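Take a look at the letters that make up each chain.
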Amino acid sequence: MSNPYAKLPGWAEYGLIPLINLVVAFLVAGLVVLLVGENPLDAAYHMINGAFGRGEYIGFTLYYATTFIFTGLSVAVAFHAGLFNIGSEGQAYIGGIGVALACLWLDQTMPWYIVFPIAMLGSIAFGALWAFLPGWLQAKRGSHIVITTIMFNFIASSLMVYLLTRVLKPLGSMAPQTRTFAEGGQLPKLDWLLSIFGLDIGNAPFNISFLLAILAAFGVWVLIWRTKLGYEMRTMGHSPSAARYAGISEPRIIIVVMMISGGLAGMMALNPIMGEQFRMQLDFVQGAGFVGIAVALMGRSHPAGIIPAAILFGMLYQGALKSRSKCRRSHAI
Amino acid sequence: MPEDRHHVGLVLKFEESENSILGYHHDKRYLNGVFLNIEAIRADAEDKIQKYDIRPPNARLRTANFSGGNQQKIVLAREMERGPDVLIIGQPTRGVDVGAIEFIHKRIIEMRDQGKAVLLVSVELDEIRALSDRILVMFAGRIVGERDPDATEGELGLLMAGVEGRKEAAE
């Protein structure tokens, strides 16, 4: 009997197919490198070496991965309820306000382990708020979430320009950024984690928000597969008509899911603001929200897939930066 | 019991056990606070699989991989095991194999014998005549006649076409 829902075995669907995708992507990218007259094997070597060649490089790779885990989870949570949240970018950006306010308020008087949880709650609150509005509009007014979240990215961007040039900028400074935080607003690095493997972290900003990202990934797994809310989300995601039959309130799920998604995106701001720059700068998100969409798709919206996908994208980011500087150098010679 | 099991009655991508609580997932039996009680849900699903002879007997299998008849039995088990006093059933045997039809019919009669009210909605005249105690025929959104189950198909057919109905209404 033909079965339209035939499913590949798990190892093929979640292991082999992404692997083949990756290999094909590398081959196509290799062709492009060949076209511009460089050796693709060299490029691949520089890229992988740039991402994993040294403890410091690995630290950078995992630092980027931390950011992508948060935004990937954010997109994935919404996916499970059949919502396509393209606004993780803006939600992460606005989430930064929560982090910055907590740090500006407490950094000089409190140690980081007090500031960090408060900044986390702040980032969740602001991110969730920014996702609540599109969620509410979708639930009550039927405005499509894809459109509204994209629009909210632009509103977030303008709002942040205003805040960073007029409100949060210290007096007498020209740069659109907050003041640099004192020690209380700086997260400790995970140098001990890398030194377990005999690696030296160097200058890499790999910090404890990575551990928070792993915790968040576990939390998302519990939420989606082990809670009643997750059950309702998945029912709605797979079949809105069955959800209606089962008495699940669609507006409620849309709003709640968008707020969770926005909260996860907001937490991303902890990593660059408290972990690397120790201040909030203009455009600190740098497209991580959009990378989150790719991470969620590649990780099949499962936390166990999102973490490796995020590390892969972290590797691509860090490796690309390194190989670019290598190329420039060889041309200069 | 909804007539469209693919889009309304079931979520085809769910495990069988997840579908066996659809609509009743607020029940305390299936929950630990806000968390799902996975063991209780699976045990309950396995119990229903036994009672309703759902094949293959695997509560963790994706619902899409069950045959139409067995999918329908999953819905039937879910709704009947709640012990409702009134059961409205839409098209219980559409796209269902002969063995399962017989099984489903037997269960519906059992419900009746327990003194429960069953409202069966179907386009299968044979099914209606075999199961019903009273037949109400609708035409253009109105009930146009009531017949005994031994009414002939021709008689019911005329009612369904609105012919007899108009005469009756005129009388």
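To keep things clear, this report deals only with the structure shown in the data block. Everything numeric in this text was worked out from a predicted model, so none of it was measured.

For chain A, the helix and strand inventory stands at 14 helices and zero strands. Starting at the N terminus, the α and β elements of chain A follow one another as α-α-α-α-α-α-α-α-α-α-α-α-α-α. For 333 residues, the compact-globule formula gives about 20 Å, and the C-alpha radius of gyration of chain A, at 21 Å, lands near that figure. When its C-alpha atoms are laid out on the principal axes, chain A stretches across 65 × 60 × 40 Å. Residues counted as buried form 48% of the 333 residues belonging to chain A.

What follows deals with the environment of isoleucine 273 of chain A. Residue and element names in this part refer to chain A. Position of isoleucine 273 among the secondary structure elements: in helix H12 (residues 270-277). Judged by its relative accessible area of 0%, isoleucine 273 is buried. The contact partners of isoleucine 273, leaving out residues within four places of it in the chain, are Gly96, Val99, Phe181, Phe278, Arg279, Met280 and Phe284.

Listed as interface residues are 24 residues of chain B and, on the opposing side, 19 residues of chain A. Of the roughly 2000 Å² buried at the junction of chain B and chain A (both faces included), carbon and sulfur atoms supply 62%. When the buried surface of chain B facing chain A is broken down by residue, Phe14, His25 and Leu36 of chain B rank first, second and third, together holding 24% of it. Our enumeration of links across chain B and chain A arrives at one salt bridge. The partner of glutamate 18 of chain B in a salt bridge is arginine 234 of chain A, with the nearest N and O atoms 2.6 Å apart. Counting across the interface, chain B meets chain A through 11 residue pairs in polar contact (both at pLDDT 80 or more).

Residue proline 56 of chain B is bonded to the preceding arginine 55 of chain B through a cis peptide linkage, with omega at -5°. Summarising the element assignment, proline 56 of chain B is placed in the loop between helix H3 (38-51) and helix H4 (68-80). Of note in this structure, aspartate 283 of chain A is not a glycine but carries a positive phi near 60°. Secondary-structure assignment places aspartate 283 of chain A in the loop between H12 and helix H13 (288-298). Not every positive phi belongs to a glycine, and glutamine 91 of chain B is a case in point at roughly 45°.

Before going further, it helps to examine the packing of aromatic side chains. Per the stated rule, a full pass over the model turns up 12 aromatic pairs over all chains. Taking the centre distance of 5.6 Å and the plane angle of 55° together, the rings of tyrosine 64 of chain A and tyrosine 317 of chain A count as tilted. Pair noted here: tyrosine 64 of chain A is in helix H3 (residues 55-80) and tyrosine 317 of chain A is in helix H14 (residues 303-332), with a separation of 253 residues, a long-range link. For tyrosine 64 of chain A, a relative accessible area of 17% puts it in the buried group. Summarising the aromatic geometry, the rings of tryptophan 112 of chain A and tyrosine 113 of chain A are spaced 5.9 Å apart at their centres and angled 85° between planes, so their arrangement reads as edge-to-face. Put simply, the rings of Tyr63, Tyr64, Phe68 and Tyr317 of chain A touch in pairs and so form one group of aromatic residues. Here lysine 73 of chain B stacks its cationic end above the ring of phenylalanine 103 of chain B, 4.9 Å away from the centre of that ring. In this arrangement the basic side chain of arginine 107 of chain B is found over the ring face of tyrosine 52 of chain B, its NZ or CZ atom lying 4.4 Å from the centre.

Turning to its location among the elements, threonine 235 of chain A is positioned in helix H9 (residues 228-238). For threonine 235 of chain A, the side chain forms a polar contact with the main-chain oxygen of tyrosine 231 of chain A, separated by 2.7 Å. If near-sequence neighbours (up to four positions away) are discounted, threonine 235 of chain A is found in contact with Pro240, Ala242, Ala243 and Ile248 of chain A together with Val11, Phe14 and Leu22 of chain B.

As a further point, take the pattern of salt bridges. Side-chain pairs of opposite charge can arise whenever the charged atoms involved come near each other. All names here are of chain B. Tallied over the full model, the rule gives 18 salt bridges over all chains. In this structure, the salt-bridge partner of arginine 29 is aspartate 44, at a minimum N-O distance of 3.6 Å. Of this pair, arginine 29 sits in the loop between helix H2 (16-19) and strand E1 (31-32) while aspartate 44 sits in helix H3, placing them 15 residues apart in sequence. A relative accessible area of 47% means that arginine 29 is categorised as partly exposed. By relative accessible area, which is 13% here, aspartate 44 ends up buried. Glutamate 155 is paired through a salt bridge with arginine 147; the nearest N and O atoms lie 2.8 Å apart.

Let's shift gears to the environment of isoleucine 89 of chain B. All names here are of chain B. Following the sequence through the fold, isoleucine 89 ends up in strand E3 (residues 86-90). Relative accessible area serves as the criterion here: at 0%, isoleucine 89 is assigned to the buried category. Linking isoleucine 89 and proline 56, residues 33 residues apart in sequence, is a C-alpha distance of 24 Å. Every residue in contact with isoleucine 89, bar those within four places of it in the chain, is listed here: Met1, Ile108, Val118, Leu119, Leu120 and Val121.

A few words on the packing of helix H4 (residues 88-106) of chain A against helix H11 (residues 250-267) of chain A. All names here are of chain A. With their axes 7 Å apart at the nearest point, H4 and H11 run at an angle of 60° to one another. Viewed along their axes, H4 and H11 adopt a mutual orientation that is oblique. Here H4 and H11 pass one another in a crossing that is right-handed. Only Met258, Ser261, Gly262, Ala265 and Gly266 of H11 make contact with H4, whose side of the interface consists of Ser88, Gln91, Ala92 and Gly95. Here the residues of the contact of H4 with H11 sort into three nonpolar, six polar and no charged.

About the cut-offs
- Residues numbered from 1 in each chain as written.
- Chains lettered and ligands numbered in written order.
- Predicted model: local features only at pLDDT ≥ 70, side-chain atom pairs only at ≥ 80, totals over all residues.
- Heavy atoms only, no water.
- Helix = DSSP H or I, 4+ residues; strand = E, 2+ residues; numbered from the N terminus.
- Rg over C-alpha atoms; globule rule 2.2 N^0.38 Å.
- Buried < 20%, exposed > 50% of the residue type's maximum accessible area, 1.4 Å probe, protein only.
- Contact = heavy atoms within 4.5 Å.
- Buried area = accessible area lost by both parts, 1.4 Å probe.
- Salt bridge = Lys/Arg side-chain N within 4 Å of Asp/Glu carboxyl O.
- Polar contact = N/O pair within 3.5 Å; in protein donor to acceptor, adjacent residues only side chain to side chain.
- Phe/Tyr/Trp six-rings, centres within 6.5 Å; stacked < 30°, edge-to-face > 60°.
- Lys NZ or Arg CZ within 6 Å of the ring centre and 35° of its normal.
- Axes fitted to C-alpha atoms, helices over the stretch in contact; angles between N-to-C directions.
- Parallel < 35°, antiparallel > 145°, perpendicular 65-115°, else oblique.
- Left-handed = near helix turned anticlockwise from the far one by under 90°.
- Nonpolar A, V, L, I, M, F, W, Y, C, P; charged D, E, K, R; others polar.

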